[in-house]
Amino acid sequence: MAAIRGILLAAGYARRFGANKLLQPLPAGSPHAGWPIALAAARHLVEALPDCVAVLRPRARKLGEILRDAGCSTVVCKDAAKGMGVSLAAGVRAAPDADGWVIALADMPFVRPETIRTIAGALGDGAAIAAPSYRGERGHPVGFARRFRHDLSALRGDTGARAILEAHPDWITLYDVDDPGVLRDIDAPSDLER
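The rules behind the values
Residues numbered from 1 in each chain as written. Predicted model: local features only at pLDDT ≥ 70, side-chain atom pairs only at ≥ 80, totals over all residues. Heavy atoms only, no water. Helix = DSSP H or I, 4+ residues; strand = E, 2+ residues; numbered from the N terminus. Buried < 20%, exposed > 50% of the residue type's maximum accessible area, 1.4 Å probe, protein only. Contact = heavy atoms within 4.5 Å. Phe/Tyr/Trp six-rings, centres within 6.5 Å; stacked < 30°, edge-to-face > 60°. Lys NZ or Arg CZ within 6 Å of the ring centre and 35° of its normal. Expected span 1.5 Å × (residues − 1). Pairing = 2+ DSSP bridges. Disulfide = S-S within 2.5 Å. Core = buried A, V, L, I, M, F, W, Y, C linked by side-chain atoms within 4.5 Å.

Engineer: So what's going on with the side chain of Ser-87? Residues and values would help.
Structural biologist: By the element assignment, Ser-87 lies in helix α3 (residues 84-94). Given a relative accessible area of 4%, Ser-87 falls into the buried group. Excluding residues within four positions of it along the chain, Ser-87 makes contact with Leu-9, Ala-11, Val-55, Cys-77 and Ala-80.

Below is the structure:
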């Protein structure tokens, strides 16, 4: 069986949110109300892929503690301020022997574990790049096969793996899921109220 690792990107600075959004509690009425946003994202990832690593920015001690308690190993990306690409590269370098990586975002707490399992399974079955699709729109998390290890490890800037996706559109396999969480990220406090 292929060794697929989960990578949780939790190293952002949440400038649009105005506070440390990953520690903000989910609102009443939502699944896991009261849990910090990042905890929900981490627990869903760990449920699907127990062998996962969370990438943190420097001095994010409380967040690191929460994510380790959820079951993630953690790595600090000292250059996290340079953008998501740098953080993603740090995560892949922390799990270099994997056969593939499912890249999840800590500000997407509503992605269901079964969706993550679908993407991991697709990589295990030979997909080069796998992503969920909800009502025709590509979402997260995105999975990458081992052949992208060098490209992922060399990422820079704040666009994550977008350049890889744009360079290889024919290698992306979309999987229809009944999971609106794949499109729902938390960028502003109002996003918690939806």
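Next comes the rest of the account.
Engineer: Before we move on, could you go through the environment of Gly-64 and cite the residues and values that matter?
Structural biologist: As for its position among the elements, Gly-64 is in helix α2 (residues 61-69). A C-alpha to C-alpha distance of 22 Å links Gly-64 and Asp-158, two positions 94 residues apart in sequence. Setting aside anything within four residues of it in sequence, one finds Gly-64 in contact with Leu-56 and Thr-74.

Engineer: Please give an account of the packing of aromatic side chains that cites residues and values.
Structural biologist: For any pair of aromatic rings, the description consists of the separation of the ring centres together with the inter-plane angle of the planes. What the rule picks out here adds up to two aromatic pairs. Each ring, one from Phe-144 and one from Phe-148, has its centre 5.9 Å from the other, and the planes form 75°; the classification is edge-to-face. Phe-148 shares its class with Phe-144; the two are buried. An aromatic cluster is present here, built from Phe-144, Phe-148 and Trp-171 joined pairwise through their rings. Between the NZ or CZ atom of Arg-43 and the centre of the ring of Trp-35, over which it lies, the distance is 4.4 Å. Above the face of the Trp-171 ring, Arg-147 is positioned so that its terminal group lies 5.1 Å from the ring centre.

Engineer: Account for helix α1 (residues 37-48), with residues named and values stated.
Structural biologist: The terminal C-alpha atoms of α1 lie 17 Å apart, and with 12 residues this matches the ideal 16 Å at 1.5 Å per residue to within 8%. Within α1, 10 of the 12 residues are buried, which leaves the element mostly enclosed by the surrounding structure. Listed as buried for α1 are Ile-37, Ala-38, Leu-39, Ala-40, Ala-41, Ala-42, His-44, Leu-45, Val-46 and Ala-48.

Engineer: Outline the pairing of strand β2 (residues 52-56), listing residues and values.
Structural biologist: Regular strands show a simple pattern: their side chains alternate between the two faces of the sheet. With respect to burial, β2 is a largely interior element, five of its five residues being buried. Neither face of β2 is left uncovered, since the one carrying Cys-52, Ala-54 and Leu-56 and the one carrying Val-53 and Val-55 both have all their residues buried. Where strand β1 (residues 4-10) meets β2, five bridges bridge the pair, whose relative direction is parallel. Across the sheet, the residue bridging to Ile-7 is Val-53, located in β2. Note: β2 against strand β3 (residues 73-76), four bridges, orientation parallel. Bridging from a neighbouring strand, Leu-56 pairs with Val-76 of β3.

Engineer: How would you explain helix α4 (residues 113-124) if you had to name every residue and give the values?
Structural biologist: Helix length check: α4 (12 residues) gives 16 Å between terminal C-alpha atoms against 16 Å at 1.5 Å per residue, within 8%. Of all the positions in α4, only Pro-113, Thr-115, Ile-116, Ile-119, Ala-120, Ala-122 and Leu-123 are classed as buried. On its buried face, α4 is in contact with β1, α1, β4 (100-105), β5 (129-134), β7 (142-145) and β8 (172-176).

Engineer: Kindly report on the state of the cysteines, identifying the contributing residues and their values.
Structural biologist: Each disulfide is one covalent bond, formed between the sulfur atoms of two cysteines. Evaluated as defined, the whole model comprises zero disulfides. Left unpaired, Cys-52 is separated from the closest cysteine sulfur, that of Cys-72, by 3.6 Å. Between Cys-77, a cysteine without a disulfide, and Cys-72, which holds the nearest cysteine sulfur, the sulfur-to-sulfur distance is 16 Å.

Engineer: Any details on the nonpolar core? Residues and values, ideally.
Structural biologist: One broad trend across soluble globular proteins is that nonpolar side chains are buried collectively. Leu-8, Leu-67, Ile-129, Phe-144 and Leu-152 are the most contacted members of the largest nonpolar core, which totals 71 residues. When residues in this core are grouped by element, the largest group, nine residues, is from α1. When neighbours within four sequence positions are excluded, Leu-152 is seen to be in contact with Leu-88, Ala-89, Val-92, Trp-101, Phe-144, Ala-161 and Ile-164.

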